[in-house]
Amino acid sequence: MISRLEIEQKVLGSLLSLQPQELTLYLSLLNENYFSVEKHKQIFKAIKELQESTGLDSVYVYLKNHNVDISASELAELTDNAVRLRGEIEFFISELINIHIREMFKTRARKIVRKDAISLIDELQNFIIEAVAELNHSYGKILSAKEIAEQYESIFRAYKDNQRVNISTGFFELDRYIGGLVPGTLIVLAGRPGMGKTTFALDLLLNLAKNNTPTMFISLEMTIETLLEKIVGKHLVLSINAIRAGRFDPDKLGDVLLSFAQLPLHITDSISALSNMLTYMKLATLKGIKVFIIDYLQQIYIAERRNESLAYQIGYVCQQLKNFAVQNNSIVILLSQLSRKVEYREDKRPLLSDLRDSGRIEEHADIVLMLYRPAYYEENPPENIRHQAFIDIKKNRYGPTAEIELHFDPITGFKNKESEVINGGKEEKEDELPF
C-alpha cells in the first residue's frame, strides 16, 4: 500500500511537471494543510505563488529566497515521481484529500474520547461541519439564498431584455422546442445503427463551430481520419470511397481544409476510459470549450465499475457526465445505441423503452432525442420519404416533446427543411466556403 509520503511526492512531482493552463485546475483542489511534511508545504506554496512561471528553476529560486533548506537534486527527484496520465493525478489528489480528512477525524477523536455523550455529539457535529468545509474548498461551494439571488439576478434580467441567448444547434425547429443548448445540460441522441447519429453529430459540431462556439468531439468509434473524410466529403459532395480513391479537385480540397482549420473545434479518438475522459474534458473547459459531443455511450470504458452490471455501468456514466455538465457549466451531447426491439415492430419509430438500459439513461438526461429515417427500412424508398429524417424529442425538461422533420442526404448530411430556412433562419449559399 502506498504511503502518505509517497502520495505527497507524486502530487508535488506532477504539479511541477504540468503546464500553467493545466496547473490552475489542480491547485484549486488543494491547500498546503493537506501536506504533512513542512518542506512539502513550502514547495506547494511556491508552486501556487508562481503558477504562470512554474518550473524547477523558478521554484528552486523561490524556495531559496524564502530560506527553505532544499537542494536542486531533491526537487528534481520529485518530478521522477510524477504521474503522467490525468486520471492518475486526480486519483492521487483525491487520496491526499481523503487522508487529510481522516487525520482530522483521528485528531478530534483523541480529544473527545473521555467527554460525556452530549459533548461528544456536539464535537462530532462540529467536526462534520469542518470536514464539509474542507470538501467544499476542494469540490465546490454551497451557496446561501442571498448569494444565489445576487448571483442569478443578472441572468434573469438578461432573459427579460433578450440579452441572454442559449447556444443555437443550427437546426431552427429543434432550437424552438429545446431553447437551444443550455449550459449544465446532458442531451442524449439515440438511434439504431444506420440512422445517421454520427453524421448528425458532425453536422451539429460544424454548426456550433461556425457559430464560434468552442466544441470538442470525442469519438470512440471512428478515427479522426474517417471523421475528416466525412466532413470533407460533405462539402465536396463526395462519398468517403470517392475521397479515398482520390476523385476530388485538389484546389477545392485545399479551400475546404483551409476553412476547416480556422474553426474553434477539437477532435480526439484516443480516449475511451471514463476517468480519463472527464479529466480531459475538465482541462478543455479551461481552454474555453463549452460543448462536448461523445460518440458513443456504450463504448465508454469504466475500469472502476467493470464488475457491475451493464445497466449500472450505463447509469454511472450518464450520472458522471450530467454532474460534469452541471459543475462546469457545460453542455454534454451523448450519442447512444438503441436495442434491437425496434426492428421487430411494425412501426419502426423508436421509443424511450428502446434505449438500452433506458431507465438510468432517461433518469439522468435532461433531453432525449431519437433519430429516425423511414427510408432506411424500405428496399426501394418512394421519393417522398427518400430524404426524410425525424428528430423525436422524447424527453425535454425545458419544454414540450415534439417530432421535428429534417432533410437528409447520405453524403451532405442533415439540414433544415426549406420552409424552416425561409421562416426561421438562413443557411450557407452553395458558392460560399463551407465553414
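Shown above is the structure to which this text applies.
Note that the structure is a prediction, hence the values are computed from the model and not measured.

1. As for the overall build of the protein
Broken down by element type, the protein carries 18 helices and nine strands. Expressed as a percentage of the 435 residues in the protein, the buried residues total 46%. Carbon and sulfur atoms provide 50% of the accessible area of the protein, an area that totals close to 22,900 Å².

2. A word on the environment of Arg4
Structurally, the position occupied by Arg4 is in helix 1 (residues 4-17). Given the relative accessible area of 21%, Arg4 is considered partly exposed. With 32 residues separating them in the primary sequence, Arg4 and Ser36 have C-alpha atoms 8.3 Å apart. In this structure, Arg4 is in contact with Asn33, Tyr34, Phe35, Ser36, Ile99 and Glu103, ignoring residues within four places of it in sequence.

3. Notes on the sheet that holds strand 7 (residues 388-396)
Strand pairing in a sheet relies on backbone hydrogen bonds. The paired strands run either parallel or antiparallel. Taking strand neighbours across the sheet as the criterion, the nine strands line up as 3-2-4-5-1-6-7-8-9 in an open arrangement whose pairing is mixed. Strands with a single pairing partner mark the edges of an open sheet, and in this sheet they are strand 3 (265-268) and strand 9 (413-415). Strand-to-strand, the axes of this sheet are offset by a mean angle of 25°, without reference to chain direction. Of the strand pairs in this sheet, strand 6 (residues 367-372) and strand 7 are connected by six bridges, and their pairing is antiparallel. Counterpart to Val368 in the pairing with strand 7 is Lys395.

4. Comments concerning the pattern of salt bridges
In the structure shown here, the tally under the stated rule is 13 salt bridges. Measuring nitrogen to oxygen at the nearest pair gives 3.2 Å for the salt bridge that ties Glu8 to Arg4. Pair noted here: Glu8 and Arg4 are both in helix 1, with a separation of four residues, about one helical turn. A salt bridge links Asp366 to Arg397; the nearest nitrogen and oxygen atoms lie 2.7 Å apart. Of the two residues, Asp366 sits in the loop between helix 16 (358-364) and strand 6 while Arg397 sits in the loop between strand 7 and strand 8 (402-409), which places them 31 residues apart along the sequence. A relative accessible area of 44% means that Arg397 is categorised as partly exposed. Shared partners join several salt bridges into a network, and the residues in it are Lys322, Asp366 and Arg397.

5. Digging into the pairing of strand 6
Of all the six residues making up strand 6, six are buried; the element is thus mostly covered by neighbouring parts of the structure. On strand 6, burial covers both faces: Ile367, Leu369 and Leu371 on one face and Val368, Met370 and Tyr372 on the other are all buried. Across four bridges, strand 1 (residues 185-191) lies against strand 6 in parallel orientation. Pairing of Ile187 across the sheet is with Ile367, part of strand 6.

6. Some words on helix 3 (residues 38-50)
Taking 1.5 Å of rise per residue, 13 residues should cover 18 Å, and helix 3 covers 19 Å from first to last C-alpha, within 8% of that figure. Within helix 3 the residues assigned to the buried category are His40, Gln42, Ile43, Phe44, Ala46, Ile47 and Leu50. Gln51 occupies a position one or two residues after helix 3 and carries a positive phi of about 45°.

7. Digging into the packing of helix 3 against helix 4 (residues 56-65)
With their axes 9 Å apart at the nearest point, helix 3 and helix 4 run at an angle of 115° to one another. Crossing of helix 3 over helix 4 shows right-handed handedness. For the pair formed by helix 3 and helix 4, the contact residues are Gln42, Ile43, Lys45, Ala46, Ile47, Glu49 and Leu50 on the first element and Ser58, Val59, Tyr62 and Leu63 on the second.

8. As for helix 10 (residues 197-210)
Taking 1.5 Å of rise per residue, 14 residues should cover 20 Å, and helix 10 covers 20 Å from first to last C-alpha, within 8% of that figure. Summarising burial for helix 10: 12 of the 14 residues are buried, a large majority. Along helix 10, the residues that are buried comprise Lys197, Thr198, Thr199, Phe200, Ala201, Leu202, Asp203, Leu204, Leu205, Leu206, Leu208 and Ala209. Remark: Asn212 follows helix 10 within two positions and exhibits a positive phi of approximately 65°.

9. Regarding the packing of helix 4 against helix 5 (residues 72-80)
Viewed as axis vectors pointing N to C, helix 4 and helix 5 meet at an angle of 135°, and their least axial separation amounts to 10 Å. As far as their axial angle goes, helix 5 and helix 4 are oblique. In this structure, the crossing between helix 4 and helix 5 has a hand that is right-handed. For the pair formed by helix 4 and helix 5, the contact residues are Leu56, Val59, Tyr60 and Leu63 on the first element and Ala72, Leu75, Ala76 and Thr79 on the second.

10. Some thoughts on the nonpolar core
Leu174, Leu181, Phe200, Ile333 and Ile391 are the most contacted members of the largest nonpolar core, which has 38 residues in total. No other element matches helix 10, which puts eight residues into this core. Those residues in contact with Ile333 that lie beyond four places of it in its chain are Leu181, Ile187, Leu204, Val291, Phe292, Ile293 and Ile294.

11. What to know about unusual backbone geometry
Of all residues except glycine, most have a negative phi; of all peptide bonds, most are trans. At the junction of Asp295 and Tyr296, the peptide bond is cis and its omega measures out at 5° in the coordinates. Mapped onto the secondary structure, Tyr296 falls in the loop between strand 4 (291-295) and helix 15 (310-327). A positive phi angle, close to 60°, is found at Asn67, a residue other than glycine. Tracing the backbone through its elements, the reader meets Asn67 in the loop between helix 4 and helix 5. One non-glycine residue, Val237, lies in the positive phi region at around 55°.

Rules of the game
Residues numbered from 1 in each chain as written. Predicted model: local features only at pLDDT ≥ 70, side-chain atom pairs only at ≥ 80, totals over all residues. Heavy atoms only, no water. Helix = DSSP H or I, 4+ residues; strand = E, 2+ residues; numbered from the N terminus. Buried < 20%, exposed > 50% of the residue type's maximum accessible area, 1.4 Å probe, protein only. Areas by Shrake-Rupley, 256 points an atom, 1.4 Å probe, with all protein chains shown as cover. Contact = heavy atoms within 4.5 Å. Pairing = 2+ DSSP bridges. Axes fitted to C-alpha atoms, helices over the stretch in contact; angles between N-to-C directions. Salt bridge = Lys/Arg side-chain N within 4 Å of Asp/Glu carboxyl O. Expected span 1.5 Å × (residues − 1). Left-handed = near helix turned anticlockwise from the far one by under 90°. Parallel < 35°, antiparallel > 145°, perpendicular 65-115°, else oblique. Core = buried A, V, L, I, M, F, W, Y, C linked by side-chain atoms within 4.5 Å.

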